[in-house]
Amino acid sequence: MPGSDPADDLRLLIRAAKAAGVMALTYTGTTAKKWDKPKGLGPVTEADLAVDAMLHETLTGERPAYGWLSEETPDTPDRLNRERVFIIDPIDGTRSFIEGSDTWAHSLAIAEAGRVIAAVVYLPVKAKLYAAAEGCGATLNETPIRVSDCSSLTGAKVLAAKPNYEVRHWPGGVPEVARHYRPSLAYRLSLVAEGRFDAMLTLRDSWEWDIAAGDLILREAGAITTTRRGAPLCFNNPHPQVDGVVAAGPGLHGAILSGLGQIGADQSGAHVAGPGRT
């Protein structure tokens, strides 16, 4: 119920994510029924819908007072009046799932007053479960994780799609970074939290269900997360998108914003883990 310990909510999300993995793996991505969503919103499969329905029944059954926001459920304004809300992507990286790859994930989060307080990103094929509850640190398969201490943009290992490196985004020139990419946005965020990469950015509007879980996992791993303009990420918005994402350790985050021409961006409210968190 609202007001319960975020750690209790995290335990619920972990159970649900593991159940989602079991269900998704009963489908063969390359043969699962699939179709394209209207308005160019990408593909969806029967697995996405089945996992979404299961998660909705499981999670709202355990927390009936919580609101619901999911990529695969028609949105309603009811969630805006709830103290806490589930923010769910039943399968993040659907194209990867369809191709039979292993980089798709279940992304589950709970937000309170615009801030994520419990989160899980689970990649069942890779057997990787990232988790975090506010104030409890971030883990990968129950082992604490931490962002890298990289502070120089030159040579930094950055996870981003090719359009993010267009010259128009970088007033002083496109930085010489080591470019990397993964299909699942939730997985990209989690890899930075794990310290395997130094930063992640996406400069286009981002759906909340793609980034909510990764936001908390990053913050609890010591990262700073903001919009592309340096503002704090806020969730459960009437239109569930945020103005891009920049995520990196404290030493690198400011350098990225500076490179993007956001030198004067106000980060006073930027979300970052506090002292002593794992």
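Refer to the preceding data block for the structure.
Reading the values: the criteria
Every chain is numbered on its own, with residues counted from 1 as its sequence reads. It should be noted that, the model being predicted, local features are given only for residues of pLDDT at least 70 and side-chain atom pairs only at 80 or more, the latter also being counted only at that level, while totals for whole chains, interfaces and linings use all residues. Side-chain measures were taken over the full set of non-hydrogen atoms in the model, leaving aside hydrogen atoms and water. Working definition: helices are DSSP H or I runs of at least four residues, strands are E runs of at least two. Numbering for both runs from the N terminus. Radius of gyration here uses only the C-alpha atoms, and the compact-globule reference equals 2.2 Å multiplied by the residue count raised to the power 0.38. We call two residues in contact whenever any of their non-hydrogen atoms come within 4.5 Å of each other. Where accessible areas are quoted, they stem from the Shrake-Rupley method and a 1.4 Å probe; at the residue level, only the protein chains shown are allowed to cover. We count a salt bridge whenever a side-chain nitrogen from Lys or Arg sits within 4 Å of a carboxyl oxygen from Asp or Glu. Only protein chains enter the calculation, and the probe is 1.4 Å; a residue is then buried if its accessible area is under 20% of its type maximum, exposed if over 50%, and partly exposed in between. Between N or O atoms, a polar contact is any pair within 3.5 Å; within protein, one atom must be a potential hydrogen donor and the other a potential acceptor, and residues adjacent in sequence are included only when both atoms are from side chains. Note on pairing: DSSP must find at least two bridges between two strands before they are called paired.

S.K.: Outline the overall build of the chain, supporting the account with residue identities and numerical values.
M.R.: Along the chain, the regular secondary structure elements total six helices and 17 strands. Here the C-alpha radius of gyration of the chain, 18 Å, is about what a compact globule of 278 residues would show, namely 19 Å. When the backbone C-alpha atoms are referred to their principal axes, the chain occupies close to 50 × 40 × 35 Å. A fraction of 63% describes how many contacts in the chain between residues 6 or more apart in sequence connect residues 24 or more apart. In the structure as shown, the chain presents an accessible area of about 11,600 Å², 52% of it carried by carbon and sulfur atoms.

S.K.: Outline the pattern of salt bridges, supporting the account with residue identities and numerical values.
M.R.: Scanning the model with the defined rule gives 14 salt bridges in all. One salt bridge connects Lys 37 with Glu 71, and the closest N-O pair in it is separated by 2.9 Å. Taken together, the positions of Lys 37 in the loop between β1 (34-36) and β2 (43-45) and Glu 71 in the loop between β3 (67-70) and β4 (84-92) put the pair 34 residues apart, joining distant regions of the chain. Given a relative accessible area of 23%, Glu 71 falls into the partly exposed group.

S.K.: Lay out the side chain of Lys 128 with the relevant residues and their values.
M.R.: When you line up the elements, Lys 128 lands in strand β7 (residues 128-133). Of note is the side chain of Lys 128, whose polar atom sits 3.1 Å from the side chain of Tyr 130. One polar contact links Lys 128 to Tyr 187, side chain to side chain, over a distance of 3.4 Å. With residues up to four places along the chain from it excluded, the contact list for Lys 128 reads Val 121, Tyr 122, Leu 123, Leu 140, Asn 141, Tyr 187, Leu 191, Glu 194 and Arg 196.

S.K.: An account of the pairing of strand β6 (residues 115-123) is requested, with residue identities and associated values reported.
M.R.: Judged by how many residues are buried, β6 sits mostly within the fold: eight of nine residues are covered. By the bridge criterion, seven bridges tie strand β5 (residues 105-112) to β6 in an arrangement that is antiparallel. Residue Glu 112 lies in a different strand from β6, and its bridge partner there is Arg 115. Two successive antiparallel strands, β5 and β6, enclose a turn made up of two residues, where Ala 113 displays a positive phi of approximately 50°. Two successive antiparallel strands, β6 and β7, enclose a turn made up of four residues, where Ala 127 displays a positive phi of approximately 55°.

S.K.: Can you lay out unusual backbone geometry for me, pointing to particular residues and giving the numbers?
M.R.: Of note, Ala 113 is a non-glycine position whose phi angle comes to about 50°, a positive value. Along the polypeptide, Ala 113 turns up in the loop between β5 and β6. Classification of Ala 113 by relative accessible area gives exposed; the value is 77%.

S.K.: Provide a residue-level description of the environment of Lys 157, including the pertinent values.
M.R.: Among the structural elements, Lys 157 can be located in strand β10 (residues 157-159). Note on Lys 157: relative accessible area 33%, which makes it partly exposed. Along the backbone, Lys 157 and His 180 are 23 residues apart, and their C-alpha atoms lie at a distance of 7.0 Å. Sequence-distant contacts of Lys 157, that is, excluding residues within four places in its chain, are made with Ala 178, His 180, Arg 196, Phe 197, Asp 198 and Ala 199. Among the polar contacts listed, one links the side chain of Lys 157 to the backbone oxygen of Arg 196, at a separation of 3.1 Å.

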